[in-house]
Amino acid sequence: MDTSIGALSSCKPPCNDVGSPPNGAAAAIQGSAPGPAAVGSPDSTMGRHIARRLVQIGVTDVFSVPGDFNLTLLDHLIAEPGLNLVGCCNELNAGYAADGYARARGVGACVVTFTVGGLSVLNAIAGAYSENLPVVCIVGGPNSNDYGTNRVLHHTIGLPDFSQELRCFQTVTCFQAVVNNLEDAHELIDTAISTALKESKPVYISIGCNLPAIPHPTFSREPVPFALSPKLTNQMGLEAAVEAAAEFLNKAVKPVMVGGPKLRVAKACEAFVELVDACGCAVAVMPSAKGLVPEHHPHFLGTYWGAVSTAFCTEIVESADAYLFAGPIFNDYSSVGYSLLLKKEKAIILQPDRVVIGNGPAFGCVLMKDFLKALSKRVKRNTTAYENYHRIFVPEGHPLKCEPKEPLRVNVLFEHIQDMLSSESAVIAETGDSWFNCQKLKLPRGCGYEFQMQYGSIGWSVGATLGYAQAVPEKRVIACIGDGSFQVTAQDVSTMLRCGQNTIIFLINNGGYTIEVEIHDGPYNVIKNWNYTGLVEAIHNGEGKCWTAKVFYEEELIKAIKTATGPKKDCLCFIEVIVHKDDTSKELLEWGSRVSAANSRPPNPQ
């Protein structure tokens, strides 16, 4: 049975509620199609076709940087009533913004110019690929007449070869379309966009700069809505996998369930919680899956992250005699330098279309969502692991209260951020110590949460905050960003102001790359200090709504938060928090030493 893709009637933002994975595009509803455009009209062009296609799949904001090869295309995107063009300060941030937008809407898009723009956005597209986010990256390409002429063009490396950009994108996108004639443009564009949705990965589309405005018969009617053939489960494989898994879990004394980041791409969040409810097991999440499983669930333990897990979580998971991991990614970061005490023979590992039970057997062509739903009907209820957790659990303490005029500590800062969270907020955590501090936040029902753990590109959060906030304006985004990361991508605070966003940015100023310090210290981890509030005031320049504060003490922080959530609730609020350079979470200290040990392993003897 096909799934029709049309205009999105509504898009739920990602949150820690059940069933809100941000891949809503695959369940989109068809919109009513206006009448056909006459051949030769401005609406029967490739530029308008691309614009209409983006609106159909749920994209209402496109992040762009103009360049001479994409200007005509931008004209046609602007002409589409349902599309808003958001100009960014650089291509990297435009890509990060499309990444953040895709997390909330299920798909995002950016438009840049040939090579100088394409290679600048490449890093952001690679990050989206690592996180399984469908991002449509459109590049304005050379004039179609220049292909095959042996000419040297500007914005290239000086060779008569236009394929350098394409070759770079081939490794970080799931489909590449080079459109340099109108005859097959319709097919190439539609194939690229539909592939992004089916594979939940970025795609690359290069559009010849002289083509977007030329009318062509293939664009003379409203595009036929996409019909995507869904991936199907092999029923015999499903039955065999469920039978083997049920037997494996039902004979266990204290099984546990752990959610991983690929729950998102598998669209299996709701099915995972259905299984947890059926079996009564204790449930945890891997760090990069925070926000995909509801933290208000009665059997929720917290984050399983080896030695830096939520208190008592590691002990329950690693002492279990059976554990089911749904969509895990075990890399050196998530395994804390390969130090997890897990045994393969005790594990059921679910990937989006594959099930592996213990040391075998393995079952392919079994979709995670279907497997979880079927298993929930076969598994016996077993609450032993949660009861064990409940026996040993000791409530967390609170940080020591700051004395008046005592320098502010990071753990005190995050205690106040915790109090700000609600169903109407979302947290964006930058790469660095914010990973660990935000991981300890308890997300209320409906509170969104995003960070980029697999790729871990510093500076990601500024652009991602821009895109995420643009996608879900009904939520107030709280971004926690270190000073080192902010210096990479600070410019697009200006775009947030142009868009009228009311994000709250906590700039944590500790004078350097703290996460790198804890892995391997050196003078390169110390950065030039900026007057960050002064910088944002300069960017503001009296245009838009902006409010800044610099805080040194807890009493100043309390006052700043009260202002940001009260009189300045409609403003972009930038709060610079001055903390000691060695003030880090205990989790980062532990994690950093273990990752350092993994990085510095000597070569194996040959």
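Per an unreviewed UniProt entry, the chain is named pyruvate decarboxylase, and its organism is Eucalyptus globulus. What the UniProt record of the chain gives under Subunit (unreviewed entry) is the line "Homotetramer." Quoted verbatim from the Sequence similarities (unreviewed entry) heading of the UniProt record, the comment on the chain is "Belongs to the TPP enzyme family."

Turning next to the UniProt feature "domain: Thiamine pyrophosphate enzyme N-terminal TPP-binding" (unreviewed entry) in the chain. Following the UniProt record, one finds the feature "domain: Thiamine pyrophosphate enzyme N-terminal TPP-binding" (unreviewed entry) at residues 45-150. Span residues 45-150 is 45% helix and 20% strand, its end C-alpha atoms 29 Å apart.

With that settled, consider the pattern of salt bridges. A complete count under the given rule lists 16 salt bridges for this structure. Residue Lys442 pairs with Glu396 through a salt bridge whose shortest N-O separation is 4.0 Å. Of this pair, Lys442 sits in the loop between α14 (433-439) and β17 (448-451) while Glu396 sits in the loop between α12 (384-392) and α13 (410-420); the two residues are 46 residues apart in sequence, bridging distant segments of the chain. A salt bridge links Arg594 to Glu590; the nearest nitrogen and oxygen atoms lie 2.4 Å apart. Highlighted residues: Arg594 and Glu590, both in helix α21 (residues 586-599), separated by four residues, approximately one helical turn. With relative accessibility at 30%, the residue Arg594 sits in the partly exposed group. Exposure remark for Glu590: the relative accessible area of 29% places this residue in the partly exposed category. Each of Asp99, Arg103, Glu131, Arg264 and Glu450 takes part in a single network of salt bridges with overlapping partners.

In the contact formed by helix α1 (residues 46-56) and helix α6 (residues 185-199), the axes pass within 11 Å of each other and the chain directions differ by 20°. Classified by the interaxial angle, the pair formed by α1 and α6 is roughly parallel. Seen from above, α1 lies across α6 with right-handed handedness. Contact residues: α1 offers Met46, His49, Ile50 and Arg53, while α6 offers Ala185, His186, Ile189, Asp190 and Ile193.

Our focus in this paragraph is unusual backbone geometry. In this chain, Gly360 is followed by Pro361 through a cis amide linkage whose omega measures 5°. Structurally, Pro361 is set in the loop between β14 (354-357) and β15 (362-364). Even without glycine at this site, Lys267 takes up a positive phi of about 55°. As for its position among the elements, Lys267 is in the loop between α8 (263-266) and α9 (269-279). Residue Lys267 is classed as partly exposed on the basis of its relative accessible area of 28%. Look at Lys405: it is not a glycine, yet its phi comes out positive at around 65°. Turning to its location among the elements, Lys405 is positioned in the loop between α12 and α13.

Thresholds, definitions, all that
- Residues numbered from 1 in each chain as written.
- Predicted model: local features only at pLDDT ≥ 70, side-chain atom pairs only at ≥ 80, totals over all residues.
- Heavy atoms only, no water.
- UniProt positions renumbered as here; feature names shortened; annotations may be inferred.
- Helix = DSSP H or I, 4+ residues; strand = E, 2+ residues; numbered from the N terminus.
- Salt bridge = Lys/Arg side-chain N within 4 Å of Asp/Glu carboxyl O.
- Buried < 20%, exposed > 50% of the residue type's maximum accessible area, 1.4 Å probe, protein only.
- Axes fitted to C-alpha atoms, helices over the stretch in contact; angles between N-to-C directions.
- Parallel < 35°, antiparallel > 145°, perpendicular 65-115°, else oblique.
- Left-handed = near helix turned anticlockwise from the far one by under 90°.
- Contact = heavy atoms within 4.5 Å.

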